[in-house]
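# Fold and geometry: a report
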Amino acid sequence: MTSVIGFPGPHFCVLNSENKPRFQVQVRSLGSKDSPVLSSDSVSVNGASVIEEREERRSLIDEGNGWLRHKVNEEKRVKDGVLESLEPLWDDGYGTVTVKDYFDATKEMIKPDGGPPRWFCPVACKAPLKDSPILFFLPGLDGTGWGLILHHKALGKAFEVRCLHIPINDRTPFEGLVKFVEETIRLEHASSPNKPIYLVGDSFGGCLSLAVAARNPTIDLVLILVNSASSIERSQLQPLFPILEAIPDELHTAIPYLLSFVMGDPTKMAMVNIESRLPPSLKLTQLSRNLTALLPCLSSLADIIPRATLLWKLKLLKSAAAYANSRLHAVKAEVLVLASGKDNMVPSRDEAQRLMSSLQNCTVRHFNDNGHTLLLEDGINLLTVIKGTCKYRRSRKRDYVSDFLPPSMSELKYTSDEVFGLLRLATGSVMFSTLEDGKIVRGLAGVPHEGPVLIVGYHNLMGLELNSLVEEFLREKNIMVRGAAHPELFWGKSGSSASLDLLKVFGAVPVTAKNLFKLLSSKSHVLLYPGGAREALHFKGEEYKLFWPNQPEFVRMAARFGATIVPFAAVGEDDVLELVFDYNDIKKIPVISDYIKESNRDAIRLRDETSGEVANVDLFFPGVLPKLPGRFYHLFGKPIVTKGKKEILKDKENANKLYLEIQSDIENSLAYLLKKREEDPYRSIIDRTAYRAIYSPIHEVPTFEP
């Protein structure tokens, strides 16, 4: 907060009537000298009243299927008013703010005050994490700065958020806006030279972000371009622009309604706060109510963008696009492009591909069902996208351990319902664990709550057991399990795939000695598969067979930190999928075989040939067919304590003995589950579905007695 409080240069207005600090604030805007020092009680923007948070303070959280638990305290530790960490399943506020709140927020903001552009901090963006980077939001044509309103609470935990407000009567040319943002960026960089600076540019703001980045290649910038208007010259609305300029004032009131359907999807906007688990009839009813409440707000677009302002901003947009496009070669920043598939304003999909080929360090994510106003529509949580693309960091280099932000409750709900809902229903996973006295119980009571804990196990076909394992630890123990994954999923060609983003959101890290060292030293729960890709991509007839390296790669590392090792086994892949084509079959097909060899030519290699059969397995997708689903079973073995055994396990022979003991425990657990699942009366999905319909939700369906 040094940039806001007592710093002589930057242009910030504090917009927070709650928690008013007992200090003075200096306010400065474009084209003016430093304003007088004002009391914090007198600071406001355009006389606007602060939008109060309307979230209901609930002591219980619905975890689905009627399962309620007490809300966790999301603030793990607060020191000197700074949040030091977030608990898993923290409340990110997604769905509690709607597009109607956007229109309410702009009503007072758009009143003419004769003032120049300025920055403000939304009231919902408070208590960021310690050492959080700063994020500047550069708005689209509306210029209000409220385009991030659906994401304020979540972003306010991870960033110091500042939003640019451009008054409706302001006529600052594009070069003037560039210099204004640039000056703020340079001052912020001077005060925190080792931190990245984030620029979220929405539409017109995307051009502004690119221009600033091109002029400041030595500053560590991360650009997030949302449907960048740098493609305005190829807009499908180009034929309408001359008509908009010629239309008389009397007809301008109809323009906002036209623009509302061109720029965004009203249905998507109205669905923001509708619970995905509701029955279709209730969803339709709530959608109808939301649309009814939203439609009257569209008339305020005429006040947000009056005719004179609209004409000015269309000219401003053209000059902005020309300026940014002429300097793309100079952009050295890290760039994330978000592109809507139903953008009726600009060709965002094509522009995303152009930017990716033109910029040096660019990642693209597509949202096929969204319109131009992506950040105000359902289906996107901006912080989730930032985390999933590994763009969040607090210093020049991302740290997969210290920079990790645990998943929120809304992220868990979305993943469980929308992404893995069918798999979750089909597999009906059951968890067992072993207590210290050797007794097997249902649930995770046998797994230590305090870390460091190293969970070592068997990798099912394509990692089918992963989702239910990570989810159950979150639900039952509120523990984040950090999975060690193949580095190819992060740094290789496949690492750019959006399908892998959720792995990163839910804690996956590249499996390296450095990351394992950091995780264990931070007392985390770490999930490790010694068999890696060889087990996950095994051949026909190799179900539930371990393929481990010859050397005890993890035992001595665990002993160094006194970590508790928990062996685990999971069975059920053969109840869900039939392996039709394995690697031996695929490599006999010339075209496909050549493709796999080519794609693996530059793949990251984890081990050399001394590691045995697990060394450098080619990555591929096996051919599988779905079966009438059975059930997944997980068994966590008796914890093995290494604390106090560091000196003993330094000896290679002792370490290898423990290594073989862990391997044997997992093989015994696999055999136990394969035998006991025959006693489960609800192993079939048909039996489980009938039981749930009559008695209970999915997580309470009985199983065999351990």
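Data block above holds the structure.
In what follows, the accompanying structure is described.

Cut-offs applied
- Residues numbered from 1 in each chain as written.
- Predicted model: local features only at pLDDT ≥ 70, side-chain atom pairs only at ≥ 80, totals over all residues.
- Heavy atoms only, no water.
- Helix = DSSP H or I, 4+ residues; strand = E, 2+ residues; numbered from the N terminus.
- Buried < 20%, exposed > 50% of the residue type's maximum accessible area, 1.4 Å probe, protein only.
- Polar contact = N/O pair within 3.5 Å; in protein donor to acceptor, adjacent residues only side chain to side chain.
- Contact = heavy atoms within 4.5 Å.
- Patch = residues over 30% accessible without salt bridge, like charges linked within 9 Å, V, L, I, M, F, W, Y side chains within 5 Å.
- Areas by Shrake-Rupley, 256 points an atom, 1.4 Å probe, with all protein chains shown as cover.
- Salt bridge = Lys/Arg side-chain N within 4 Å of Asp/Glu carboxyl O.
- Arc of directions from axis to C-beta.

## Concerning the side chain of histidine 538
Positionally, histidine 538 belongs in the loop between helix H19 (532-536) and helix H20 (555-560). Note on histidine 538: relative accessible area 1%, which makes it buried. There is a polar contact of 2.8 Å between the side chain of histidine 538 and the side chain of glutamate 573. In contact with histidine 538, other than residues within four places in its own chain, are Tyr458, Leu461, Glu543, Glu573, Leu579 and Asp582.

## Concerning a nonpolar patch on the surface
A contiguous nonpolar patch, built from Ile589, Val591 and Ile592 and spanning about 260 Å² of accessible area, is present on the exposed surface. For isoleucine 592, the position within the fold is in helix H22 (residues 590-599). Owing to a relative accessible area of 40%, isoleucine 592 belongs among the partly exposed residues under this scheme.

## Brief notes about helix H11 (residues 348-358)
Three or more residues of H11 are buried, namely Ser348, Glu351, Ala352 and Leu355. Down the axis of H11, the buried set is contained in an arc of 105 degrees. They therefore lie on one face. Residues of H11 that are exposed and angled more than 90 degrees away from the buried face: Asp350 and Ser357. At its buried positions, H11 is contacted by helix H4 (204-215), strand E12 (221-226), helix H10 (307-325), strand E13 (334-340) and strand E14 (362-367).

## Looking at the side chain of threonine 184
Its place among the elements puts threonine 184 in helix H3 (residues 174-191). Assessed through its relative accessible area of 2%, threonine 184 is described here as buried. Of the polar contacts made by the side chain of threonine 184, one reaches the side chain of tryptophan 119; its length is 3.1 Å.

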